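Below are the chains, spelled out letter by letter.
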Amino acid sequence: QVHLVESGGGLVQPGGSLRLSCAASGSVLSMYDMGWYRQAPGKQRELVAVITNGGSTNYAESVKGRFTISRDNVRNTVFLQMNSLKIEDTAVYYCNADLIPSIDGRRHYWGQGTRVTVSS
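Residues numbered from 1 in each chain as written. Predicted model: local features only at pLDDT ≥ 70, side-chain atom pairs only at ≥ 80, totals over all residues. Heavy atoms only, no water.

Undergrad: Provide a residue-level description of the state of the cysteines, including the pertinent values.
TA: Within this structure, the stated rule accounts for one disulfide. The disulfide partner of C22 is C95, and the S-S distance across this bridge is 2.1 Å. Its S-S torsion of approximately -80 degrees makes the covalent link between C22 and C95 left-handed. Of this pair, C22 sits in strand β3 (residues 18-25) while C95 is found in strand β9 (residues 91-101), placing the two residues 73 residues apart along the sequence. Comparing C22 with C95, the two get one shared label, buried. (Disulfide = S-S within 2.5 Å. Helix = DSSP H or I, 4+ residues; strand = E, 2+ residues; numbered from the N terminus. Buried < 20%, exposed > 50% of the residue type's maximum accessible area, 1.4 Å probe, protein only.)

Structure representation (structure tokens):
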């Protein structure tokens, strides 16, 4: 069974940086798009960034120029480097992966979420 395990969240001051990681555990046959979403209190979950298995990326307008998504295809891991953090970046960040596990069909998987708090 595949699980997405996130790490790297925490408390940071405005203008600071954090790096999130998400690794797929279990047997994965193929990995397609990987991405990060976030959900702030009282708001809907929104896409932050996505990266294809070929390395193409797409970002929410609110994070362009500040966040960078990358991936390690050997380790089935996706990263989110967050710089120049703002108070409005405060949210729970969720990893998402479109993949085929060894014993099931292709579908999207979600991580458990990691909390990012930007506060002075």
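Undergrad: Give me the pairing of β3: which residues, what numbers.
TA: With five bridges connecting them, strand β1 (residues 3-7) and β3 associate as antiparallel partners. Bridge pairing in β3 links H3 to S25. The pairing of β3 with strand β8 (residues 77-82) spans six bridges and is antiparallel. Across the sheet, L18 pairs through a bridge with M82, a residue of β8. (Pairing = 2+ DSSP bridges.)

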